[in-house]
Amino acid sequence: MKKLNYLFLLIPFLLLSCSKDSGSSTTPAPSYSIQGLWKTTSAVLNGVEKFGGTNTVKSELNYFNADGSFSTQSYSDTNFSTLAGYSTGTYTLPSSTTVNINANAYSPSNTLLANYNVTSQIILISSTELQLKSLNYPAANDVYIKKFIR
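This is a predicted model, so every value here is computed, not measured.

## Quick notes on the environment of Ser 87
For step 1, the next point in the chain: Mapping Ser 87 onto the fold places it in strand β5 (residues 83-95).
For step 2, the next point in the chain: For the pair Ser 87 and Ala 114, spaced 27 residues apart in the sequence, the C-alpha separation amounts to 9.3 Å.
For step 3, the next point in the chain: Sequence-distant contacts of Ser 87, that is, excluding residues within four places in its chain, are made with Phe 70, Ser 71, Thr 72, Ala 103, Asn 104, Ala 105 and Tyr 116.
For step 4, the next point in the chain: Reaching out from Ser 87, the side chain makes a polar contact with the side chain of Tyr 116 at a distance of 3.1 Å.

See below:
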């Protein structure tokens, strides 16, 4: 009987000490944060580039802060010195593939130009790149894709 008791004590130990060997290893997908400073590299509206070149906005800084606040500074030159306009507001991440931005856009002289509430699909995110796709923005049936780098 004593040997049987030892056997019952040994079985849980053996079960807990065995490791599961499936023969294949999986690496968890990296998780990147939208938080931080992003520089716009492209803004395409319905297939037409609206950033840089002969467009009004030639450089832009976007801040996604840890507290959920959001701001953008748009410049009419490439060295971030002549402010063309700015936005302030908030952002939320309802899922790992969606970002909601609610902000007010202002002129350089602080005149309110517009309020926007945009839901964008995160189509690419890495440690150095971010791409957002917005449908029906700025108007119905529009497709707006913005690309950023850190």
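## Focus: the pairing of strand β1 (residues 36-45)
For step 1, the next point in the chain: Relative to strand β3 (residues 59-64), β1 runs antiparallel, the two sharing four bridges. Each residue of the ladder has a partner; that of Leu 37, found in β3, is Tyr 63.
For step 2, the next point in the chain: In terms of strand pairing, β1 meets strand β9 (residues 143-149) through six bridges, oriented antiparallel. Within the sheet, the bridge partner assigned to Ser 42 lies in β9 and is Lys 147.
For step 3, the next point in the chain: Here two bridges tie β1 to strand β2 (residues 48-49), and the two strands are oriented antiparallel to one another. For Leu 45, the partnering residue across the bridge sits in β2 and is Val 48.
For step 4, the next point in the chain: Hairpin geometry of β1 and β2 is characterised by an intervening segment of two residues between the two adjacent antiparallel strands and by a positive phi of about 50° at Asn 46.

Rules and cut-offs
Residues numbered from 1 in each chain as written. Predicted model: local features only at pLDDT ≥ 70, side-chain atom pairs only at ≥ 80, totals over all residues. Heavy atoms only, no water. Helix = DSSP H or I, 4+ residues; strand = E, 2+ residues; numbered from the N terminus. Contact = heavy atoms within 4.5 Å. Polar contact = N/O pair within 3.5 Å; in protein donor to acceptor, adjacent residues only side chain to side chain. Pairing = 2+ DSSP bridges.

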